Amino acid sequence: MSGPPRPRRPTTAALAPPPPAPDAPSSEPTPVPSKAKPLEKRPYLLDFFPLETADQTRLHRFFDRLREGRLSTTRCRRDGELHWPPRTACPRCRSDDLEWVDLPDRGHVYAFSAVLAGAPLGMEDDIPFAVGLVDLEGVPLRIFGRIEGRPWASLRIGEPVRTESYDIGGGRVFYRFRTVE
Ligand SMILES: [Zn+2]
């Protein structure tokens, strides 16, 4: 039910110069640390999508598979729990003995809405667009994502959709849904 996998990212705080001690003697002027950060360091907080490579996330296999057009997730080998989003340890039994399984590529719209303003970075030119919750066929998973294929105003609850992967630039991919006629 929750959103796309959001691997933790290293904070840039450790790279910042230490702040001047507030009670330091002021005999010598303290150099003011530059507040400018390298361009590639910002604005990562506004980057809607996860980082995807093996050195960035332990869930990189999710994205490797997505590049092959396969939406997948993890399943616990101990208790069979199917996770969404994919995990590195089972939230039910805490085992890290997990396997990757492909998810069905068909589902039905459970609920949807439209983004009419305030789109995330990089999606400003896409509005209006539909987002929604989709019940995947045959598995107890209801997952969130964009819904393409028809204008949002003509979407219907229960509408059949299929999953697809798409290029979001910068060598990254993500999943979304598309209506099927
Ligand atoms: Zn488990």
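See the structure above.
Rules behind the numbers
- Residues numbered from 1 in each chain as written.
- Predicted model: local features only at pLDDT ≥ 70, side-chain atom pairs only at ≥ 80, totals over all residues.
- Heavy atoms only, no water.
- Pairing = 2+ DSSP bridges.
- Helix = DSSP H or I, 4+ residues; strand = E, 2+ residues; numbered from the N terminus.
- Donors = N, O, S within 2.8 Å, 3.2 Å for Na, K, Ca; no water.
- Buried < 20%, exposed > 50% of the residue type's maximum accessible area, 1.4 Å probe, protein only.
- Phe/Tyr/Trp six-rings, centres within 6.5 Å; stacked < 30°, edge-to-face > 60°.
- Lys NZ or Arg CZ within 6 Å of the ring centre and 35° of its normal.
- Axes fitted to C-alpha atoms, helices over the stretch in contact; angles between N-to-C directions.

Engineer: Would you mind showing me how to read the pairing of strand 6 (residues 160-169) here?
Structural biologist: Both faces of the sheet carry side chains from a regular strand, because those side chains alternate between them. Here strand 3 (residues 106-115) pairs with strand 6 via 3 bridges, running antiparallel. The residue of strand 6 that forms the bridge with Gly107 is Val161. Inspection of the sheet shows strand 6 paired to strand 7 (residues 172-179) by 8 bridges, in the antiparallel sense. Within strand 7, the position partnered with Asp167 by the bridge is Val173. Connecting strand 6 to the next strand, strand 7, in antiparallel fashion are 2 residues, including Gly170 with a positive phi near 65°.

Engineer: How do you make sense of the coordination of the zinc ion when you look at a structure like this?
Structural biologist: The reference angle at a metal is 109.5 degrees if four donors form a tetrahedron and 90 or 180 degrees if six donors form an octahedron. Summarising the metal site, the zinc ion is bound by the protein donors Cys76 (SG), Asp79 (OD), Asp79 (OD), Cys90 (SG) and Cys93 (SG), whose distances to it range over 2.3 to 2.6 Å. Here the donor residues for the zinc ion map to a single chain with the spacing C-x2-D-x10-C-x2-C. Taken together, the residues span a long stretch of sequence, with Asp79 in the loop between strand 1 (72-76) and strand 2 (98-102) and Cys93 in the loop between strand 1 and strand 2 at a distance of 14 residues. Overall, the relative accessible area of 26% leaves Asp79 in the partly exposed class.

Engineer: Is there a simple way to explain the pairing of strand 7 in this structure?
Structural biologist: Burial analysis of strand 7 places 7 of its 8 residues in the buried class, the great majority of the element. Where strand 5 (residues 142-148) meets strand 7, 2 bridges bridge the pair, whose relative direction is parallel. Opposite Glu148, over in strand 7, you have Arg178 as the bridge partner.

Engineer: What's the story with the packing of aromatic side chains in this structure? I'm lost.
Structural biologist: Aromatic rings in a pair are described by how distant their centres are and how their planes are angled relative to each other. A complete count under the given rule lists 5 aromatic pairs for this structure. With a centroid separation of 4.8 Å and 25° between ring planes, the pair formed by Phe174 and Tyr175 is classed as stacked. On the basis of relative accessibility, which here comes to 5%, the residue Phe174 falls in the buried class. With a relative accessible area of 2%, Tyr175 lands in the buried category. In this structure an aromatic cluster arises from ring pairing among Phe62, Phe63, Trp84, Phe174, Tyr175 and Phe177. Between the NZ or CZ atom of Arg142 and the centre of the ring of Tyr110, over which it lies, the distance is 3.3 Å. A cation sits over an aromatic face here: Arg176 above Tyr166, 4.0 Å from the ring centre.

Engineer: Before we go on, may I ask you to explain the sheet that holds strand 3 in this structure?
Structural biologist: Hydrogen bonding along the main chain pairs the strands of a sheet, whether they run parallel or antiparallel. Within the closed barrel, the 5 strands sit side by side as 3-4-5-7-6. Their pairing is mixed. Averaged over all pairs of adjacent strands, the angle between strand axes in this sheet comes to 45°, irrespective of strand direction. As paired strands, strand 4 (residues 129-136) and strand 5 are joined by 6 bridges and run antiparallel to one another. Bridge assignment links Val134 to a residue of strand 5, and that residue is Ile143.

Engineer: Mind showing me how you'd approach unusual backbone geometry here?
Structural biologist: Working note: non-glycine residues mostly have negative phi, and peptide bonds are mostly trans. Between Trp84 and Pro85 the backbone carries a cis peptide bond, its omega angle lying at -5°. Within the secondary structure layout, Pro85 lies in the loop between strand 1 and strand 2. The omega angle of the peptide bond from Ile127 to Pro128 is 0°, so this bond is cis rather than trans. Take Pro128: it is sitting in the loop between strand 3 and strand 4. With a phi close to 70°, Arg94 is a non-glycine residue in the positive phi region.

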